[in-house]
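Results of the structural survey
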Amino acid sequence: MLLISPDSVEEALDCAKASEHLDIVDVKRPAEGSLGANFPWVIREIREAVPADKPVSATVGDVPYKPGTVAQAALGAAVSGATYIKVGLYGCTTPEQAVEVMRGVVRAVKDHRPDAFVVASGYADAHRIGCVSPLSLPDIARRSGSDAAMLDTAIKDGTRLFDHVPPEVCGEFVGRAHEAGLLAALAGSVKAADLGALTRIGADIVGVRGAVCEGGDRRAGRIQPHLVAAFRAEMDRHAGEHAATAAAAG
């Protein structure tokens, strides 16, 4: 699945123009960090702006180790119309802390909307900020009752997912998530050139923003429908080639 992250209602309308090419519209606020949370009214307005059959996800933020605070924020995102709730475990330094935070999120969200998806998100560059390691995320998600595990990058300085977690380690991350019955999502300045590796790895969700913005700039650029369409075409091409290769080998 292709997840695209507009940061405004105007960009969401551009996503709506390209809705046939994407699967999930993700609401975040890059000015507040990698998984920066946007305002509840923005989530509501974006939910209203995109086709009803396209789920909306929302980031809760690069959160501290404050389980009650994070649970309330997650509930706010769900009440505002998000069906995928993403939590960046920025301030959790141990798996136990991360599980405690995510358990609170799962209960808060699913008491309100049982069919919502809760995503435990970590960072490929965790070593730079001191949070839980990438390969611990699938087990954190499993123990907390979350539905998916995700990797992004915390520091947006031009480095990318594979600069910190090479493809073979990302493959291990995806394998652990699937063994636990979870969806596996990968993001972090992903480019079209990464799609071959991501397809072989078997990620369920690929999240992008900069790759579909004018100039490739996630902050100053604006999402362009034709870039969304081109990215999806490349994604589908790799998926087709991978399927053909697997069929020939089998």
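Now for a quick tour of the structure. (Residues numbered from 1 in each chain as written. Predicted model: local features only at pLDDT ≥ 70, side-chain atom pairs only at ≥ 80, totals over all residues. Heavy atoms only, no water.)

1. Section: the sheet that holds strand E4 (residues 84-88)
Taken together, 8 strands build a closed barrel; the order of strands is E1-E2-E3-E4-E5-E6-E7-E8 and the barrel is parallel. Here the average twist between neighbouring strands, direction ignored, is 25 degrees. Relative to strand E8 (residues 205-208), strand E7 (residues 183-186) runs parallel, the two being bridged by 2 bridges. Its bridge partner being in E8, Leu186 is matched across the sheet by Val206. (Pairing = 2+ DSSP bridges. Helix = DSSP H or I, 4+ residues; strand = E, 2+ residues; numbered from the N terminus. Axes fitted to C-alpha atoms, helices over the stretch in contact; angles between N-to-C directions.)

2. Observations concerning the pairing of strand E5 (residues 117-123)
For E5, a buried count of 6 out of 7 residues is recorded, marking the element as mostly surrounded by other parts of the structure. One ladder, built from 5 bridges, connects E4 with E5; its direction is parallel. Of the residues in E5, the one forming a bridge with Gly88 is Ser121. Read as a crossover between parallel neighbours, the route from E4 over helix H4 (residues 95-112) to E5 is right-handed. Summarising the sheet, E5 and strand E6 (residues 148-152) pair through 5 bridges and their orientation is parallel. (Buried < 20%, exposed > 50% of the residue type's maximum accessible area, 1.4 Å probe, protein only. Right-handed = clockwise from strand over helix to strand, strands pointing away.)

3. Quick word on the environment of Cys92
Take Cys92: it is sitting in the loop between E4 and H4. For Cys92, a relative accessible area of 0% corresponds to the buried category. In this structure the C-alpha to C-alpha distance between Cys92 and Gly207, which are 115 residues apart in sequence, comes to 22 Å. Each residue touching Cys92, except ones within four places of it in the same chain, is listed here: Tyr65, Gln97, Ala98, Val101, Cys131 and Val132. (Contact = heavy atoms within 4.5 Å.)

4. Points about the pairing of E8
Here E8 shows no split at all, with Ile205 and Gly207 on one side and Val206 and Val208 on the other all buried. Looking at chain direction, strand E1 (residues 2-4) and E8 are connected through 3 bridges and run parallel. Looking at the pairing, Leu3 lines up with Gly207 of E8. Considered for its hand, the β-α-β crossover made up of E7, helix H9 (residues 195-201) and E8 is right-handed.

5. Observations concerning unusual backbone geometry
In this structure, Ser189 is a non-glycine residue whose phi angle is positive, near 55 degrees. Tracing the backbone shows Ser189 in the loop between E7 and H9.

6. Details of the pattern of salt bridges
In this structure the tally under the stated criterion is 20 salt bridges. The salt bridge involving Lys110 is made with Asp147; its shortest N-O contact spans 3.0 Å. On the criterion of sequence distance, the pair formed by Lys110 in helix H4 and Asp147 in the loop between helix H6 (137-144) and E6 is long-range, its members being 37 residues apart. A salt bridge links Arg237 to Glu234; its shortest N-O distance comes to 2.6 Å. Placement of both Arg237 and Glu234 in helix H10 (residues 225-249) is noted, with a separation of 3 residues, approximately one turn of the helix. Residue Glu234 is classed as partly exposed on the basis of its relative accessible area, which comes to 25%. (Salt bridge = Lys/Arg side-chain N within 4 Å of Asp/Glu carboxyl O.)

7. Description of the side chain of Ser57
Within the element layout of this structure, Ser57 appears in strand E3 (residues 56-62). For Ser57, the side chain forms a polar contact with the side chain of Asp26, separated by 2.4 Å. Residues contacting Ser57, with those up to four places away along its chain left out, are Leu3, Ile24, Val25, Asp26, Val27, Ala82, Tyr84 and Lys86. (Polar contact = N/O pair within 3.5 Å; in protein donor to acceptor, adjacent residues only side chain to side chain.)

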